[in-house]
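Next come the chains, spelled out residue by residue.
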Number of protein chains: 4
Amino acid sequence: MENIIKPAESEVSIRVPYADTDQMGMVYYANYFVYFERGRTEWLRAKGLEYRSLEEKGTYLPVIESYCKYRAPARYDDLIIVRTIVSEIGSCSLQFSYEITCLGKLIAEGTTKHPFVNRQMKPVRIPEEIQKILENKNG
Amino acid sequence: MENIIKPAESEVSIRVPYADTDQMGMVYYANYFVYFERGRTEWLRAKGLEYRSLEEKGTYLPVIESYCKYRAPARYDDLIIVRTIVSEIGSCSLQFSYEITCLGKLIAEGTTKHPFVNRQMKPVRIPEEIQKILENKNG
Amino acid sequence: MENIIKPAESEVSIRVPYADTDQMGMVYYANYFVYFERGRTEWLRAKGLEYRSLEEKGTYLPVIESYCKYRAPARYDDLIIVRTIVSEIGSCSLQFSYEITCLGKLIAEGTTKHPFVNRQMKPVRIPEEIQKILENKNG
Amino acid sequence: MENIIKPAESEVSIRVPYADTDQMGMVYYANYFVYFERGRTEWLRAKGLEYRSLEEKGTYLPVIESYCKYRAPARYDDLIIVRTIVSEIGSCSLQFSYEITCLGKLIAEGTTKHPFVNRQMKPVRIPEEIQKILENKNG
């Protein structure tokens, strides 16, 4: 990731449950992707859009690529913060970038790539309401 | 559970992934319910029925009650065995009972209760194909 | 559960992630036990005790029994509330009871039973600091 | 990934549990990393080494980077196959590459990167027993 995600962007805090740890005593690596998901849900909500309602209208954002770099372990009961930005905009897809920190320390960073698809999982163009959000972002 | 589940009943073996452990170095308690689910899927398959095809025909078996008693910890890489029986039959519901063992040692036992419902999650009578399976069981 | 858990008791709110849903479009049944775990962690914190620090001092609270009754489905993005009480106190064990609600509607209720054990997983008496908390509760 | 993973390499088959699906009716994206973990555990076992015993001797293989490209959805009850190779060898780290298929169709592919560390999570050189396995591989 080229740019550090600024605090001004969407952020959400998550309390790490015991369930997410493994026998190394830290968060199991796959679970960071669940934190990323919470990050992008809150990014959308911060922009006035609920992903839930997007699905109700027939638009889905499945994941086609995911990446995470682990910097330091998150542990049980840590209150981590997930910061999210939209880092790439295509005509039919989006890329989110994430930073997870705990008490100011960088824990993990990563990206996920999402096409916009309809109920039949066929690619569609970015919905207008999201297009507007993205324009405002750059405006 | 009054009766020990006999080896003759459906069984499935599962290799415990690292993902399922927690920082106590054993399987996190909620994950046993995933093993139970694998148990009942294989019970149905052993009887010639795929739960997947049941859903395709519009019948669902959500869970309305679940219980587990933990006897000894399962650990990473253990090859556990889940034995499953139908322990109660109602007109619109079923109860499964489970035993999880590892190298002959009892790890956990439990039950789950399931109504039969349609796509709108409304209760329905037990589908005929399952009724037949249950009669054979007792026949 | 005989008693409805009063709002005065410990409560924590949790945003349901997409990860917790299954193809029935609702929260997968095992995940409620993760919400229960968040409930008892927050019950302890509300009483001035961190479970994390309990473990650091060598006392663990594994689960030996768990039970859940599912009343209504929780769904993606629901903001659920977990209310927790201590419903039974033994000399070496505790039972927690939980209620999960969403917008005032009862979603699930259940219990978990926990022995106090040391690092070698041998039963020990309830630590004095927890004994005090429980006495205050009744005082 | 430059090279298709050959069937001669380690492979393991996994039955997709209901637990792993989400409300899109397919496997939730984070769960593929659990399948990858099963893949590398079996790669080691196929080479005569148990990761479990590696940890018992004080060597750990945490993940510092993970990546997955999703090609087609895996669904409930699918019997997927995970093929694993070691795709990069450093002096203190390893990279695994994975391919997940179902009935011959490519479902997902990805990589994970792992340093060798000791109990204090400090980097150490590749243990001799693994060094030998890797040399045999190239021999």
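Structure first, text after, so check above.
Conventions we followed
- Residues numbered from 1 in each chain as written.
- Chains lettered and ligands numbered in written order.
- Predicted model: local features only at pLDDT ≥ 70, side-chain atom pairs only at ≥ 80, totals over all residues.
- Heavy atoms only, no water.
- Least-squares fit on C-alpha atoms with pLDDT ≥ 70 in both.
- Contact = heavy atoms within 4.5 Å.
- Pairing = 2+ DSSP bridges.
- Helix = DSSP H or I, 4+ residues; strand = E, 2+ residues; numbered from the N terminus.
- Axes fitted to C-alpha atoms, helices over the stretch in contact; angles between N-to-C directions.
- Buried area = accessible area lost by both parts, 1.4 Å probe.
- Salt bridge = Lys/Arg side-chain N within 4 Å of Asp/Glu carboxyl O.

Draft legend 1. Representation of the relation of the copies chain D and chain C. When chain D is fitted to chain C, the best match, at an RMSD of 0.0 Å, comes from turning it 180 degrees and sliding it 0.0 Å along the axis. Those values place the two copies in the arrangement expected of a two-fold rotation axis. A high fraction, 100%, of the interface residues of chain D reappear at the interface in chain C, so the copies pair face to face through one surface.

Draft legend 2. Quick look at the relation of the copies chain B and chain C. By a simple turn and slide, chain B fits onto chain C: the slide is 0.0 Å along the axis, the RMSD is 0.0 Å, and the turn is 180 degrees. Comparing interface residues between copies, 100% of those in chain B also lie at the interface in chain C; the contact surface is shared.

Draft legend 3. Structural detail: the sheet that holds strand β2 (residues 65–70) of chain D. Pairing is antiparallel across the open sheet formed by 10 strands, whose spatial order is β1(A)-β3(A)-β4(A)-β5(A)-β2(A)-β2(D)-β5(D)-β4(D)-β3(D)-β1(D). Whereas interior strands pair on both sides, the edge strands pair on one side only; in this sheet they are β1 (10–15) of chain A together with β1 (10–15) of chain D. Here the average twist between neighbouring strands, direction ignored, is 20 degrees. Two elements, β1(A) and strand β3 (residues 79–89) of chain A, share 6 bridges in a ladder whose sense is antiparallel. When the bridges of β3(A) are listed, Ile14(A) appears paired with Ile80(A). Running over the sheet, helix α1 (residues 32–46) of chain A touches β1, β2 (65–70), β3, β4 (93–102) and β5 (105–115) of chain A together with β2 of chain D and is turned about 140 degrees from β1(A).

Draft legend 4. Structural view of the interface of chain D and chain C. Taken together, the contact between chain D and chain C spans 9 residues of the former and 9 residues of the latter. Summing both partners gives a buried area of about 950 Å² for chain D against chain C, and 58% of it is carried by carbon and sulfur. Area buried by chain D at its contact with chain C is led by Tyr18(D), Gln23(D) and Tyr28(D), which between them contribute 59% of it. On inspection of chain D and its partner chain C, the count reaches 0 salt bridges.

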